Amino acid sequence: LFVIIQWLPLGESYVVIEPFDLQLEFFPGYIILFIAGALAYRSGWMEKLPAKSLPFWGWLSAGLIVSLPIMFFLGGAVDGKLDYFMSGFHWQSAFTSLWLGLGAVAFSMALTLWLRGRVTANDKLAAFAGPNNFAVYLIHPLVLVPITWYLSRFAMMGLAKFAIASAVTTVLCYAIATILRRIPGVNKVL
């Protein structure tokens, strides 16, 4: 990511189709994580992960969460040097790149291991959500962006907008995914 953000700074969006902007700097990571996830699924890696590694991933996740505001403060983000974290050959942008990479892996591993022992395929919610998750992942921007754009027109607390957008997007995405997956042939792809 550090190399990529030298040309595509963090936080910059690139218009594809209004109102859909893409942050292209994250796409290589998305592709790598998608491939890793497909390999992990096909090889059964997630089932083979020892449950005893959960504390490591949990503590690493907690350490990352705590370190972010501390490093923003120490790196001068509060003094107007936020750009140093977004691009350039600065220790701040190297930290941000490392933090994002570690965070993607640590948070995913901690959540996967924690949920693995608590949710089974026989749970009704898991049985419904599991087959639809990939479709939801693919279509969520098409639902989320218009909803957040619409909510941006109203004067209300950001947290309220977040709650509304999250609830509406989740329900709509799973409803749309369920319908799409009923189309013959589509369920083999989604």
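Keep in mind that this is a model prediction, so the values were computed, not measured. (Residues numbered from 1 in each chain as written. Predicted model: local features only at pLDDT ≥ 70, side-chain atom pairs only at ≥ 80, totals over all residues. Heavy atoms only, no water.)

**Digging into the overall build of the protein chain**
Inclusion rule: Starting at the N terminus, helices and strands are each numbered in turn, a helix being any DSSP run of H or I of at least four residues and a strand any DSSP run of E of at least two. The contact criterion used throughout is that any non-hydrogen atoms of two residues lie within 4.5 Å. Computed with the Shrake-Rupley method and a 1.4 Å probe, the accessible areas treat only the protein chains shown as cover for residues. For the charge count, each Lys or Arg is scored as positive and each Asp or Glu as negative, with His and the chain ends excluded. For the purpose of locating charges, the reference atoms are NZ of Lys, CZ of Arg, CG of Asp and CD of Glu.
What the protein chain contains, in helices and strands, is eight helices and two strands. C-alpha atoms of the protein chain, sized along the principal axes, occupy 55 × 45 × 30 Å. Taking as baseline every contact in the protein chain between residues at least 6 positions apart, the subset at least 24 positions apart corresponds to 60%. For the protein chain, the computed accessible surface area is about 13,000 Å², with 73% contributed by carbon and sulfur atoms. Charged side chains of the protein chain number 12 positive and 8 negative; the gap between the two group centres comes to 18 Å.

**Some thoughts on the side chain of S93**
Note the following rule: Burial classification: accessible surface area is computed with a 1.4 Å probe over protein chains only, and a residue below 20% of its type maximum counts as buried, one above 50% as exposed, and the rest as partly exposed.
Its place among the elements puts S93 in helix 5 (residues 91–116). The exposure class of S93 is buried, given its relative accessible area of 0%.

**Some remarks on the nonpolar core**
We count it as follows: We call a set of buried residues a nonpolar core when its members are Ala, Val, Leu, Ile, Met, Phe, Trp, Tyr or Cys and they connect through side-chain atoms within 4.5 Å of each other.
Judged by nonpolar contacts, A129, A135, V136, I139, V143, I147, L151, A165, C173, Y174, A177 and L190 together constitute the single largest core of 12 residues. Of all elements in the fold, only helix 6 (124–151) and helix 7 (158–180) reach the threshold of two or more residues within this core. No other element matches the seven residues that helix 6 contributes to this core. The residues contacting Y174, other than those within four sequence positions of it, are F128, A129, N132, N133 and V136. By size, the runner-up hydrophobic cluster in this structure holds 10 residues, among which are A77, F95, W99 and M109.

**Comments concerning the layout of surface pockets**
We count it as follows: Cavity and pocket criteria rest on a 1 Å grid covering protein atoms alone: a 1.4 Å probe that fits but cannot get out defines a cavity, protein on both sides within 12 Å along at least 5 of 7 lines defines an open pocket, and an atom within 4 Å of a point defines a lining residue. Grid points are joined across faces, edges and corners, and a volume is the space filled by probe spheres set on the points.
Looking at the second largest pocket, its volume works out to about 390 Å³. For the lining of the second largest pocket, the secondary structure elements donating two or more residues are helix 1 (27–43) and helix 5. Counting residues per element, the lining of the second largest pocket draws most heavily on helix 1, which supplies five residues.

**Examining helix 6**
Short version of the rule: Multiplying 1.5 Å by the helix residue count minus one yields the expected span of that helix. We define the bend at any residue as the angle between the axes fitted to the seven residues before and including it, ending there, and the seven starting there.
Taking 1.5 Å per residue, 28 residues should reach 40 Å; helix 6 reaches only 32 Å between its end C-alpha atoms and comes up short. The largest bend in helix 6 amounts to roughly 50° and is located at N133. Along helix 6, the residues classified as buried are A129, N132, A135, V136, I139, V143, I147 and L151.

**Regarding the environment of F26**
By the secondary structure assignment, F26 is in the loop between strand 2 (20–22) and helix 1. Expressed as a C-alpha distance, the spacing of F26 and I5, which sit 21 residues apart in the sequence, is 9.2 Å.

**Topic: a nonpolar patch on the surface**
Basically, it comes down to this: Each patch is built from salt-bridge-free residues with over 30% relative accessible area, joining like charges within 9 Å and nonpolar side chains (Val, Leu, Ile, Met, Phe, Trp, Tyr) within 5 Å. Here, a salt bridge means any side-chain nitrogen of Lys or Arg that lies within 4 Å of a carboxyl oxygen of Asp or Glu.
A grouping of L24, F27, Y30, I31, F34, I35, L39, W45, F134, Y137 and L138 is seen on the molecular surface, where their side chains present a nonpolar patch of about 1,000 Å² in accessible area. Here the nonpolar patch takes six residues from helix 1, the largest share from any one element. Mapped onto the elements, I31 comes out in helix 1.

Remember, this is a structural readout, not a statement about activity or role.
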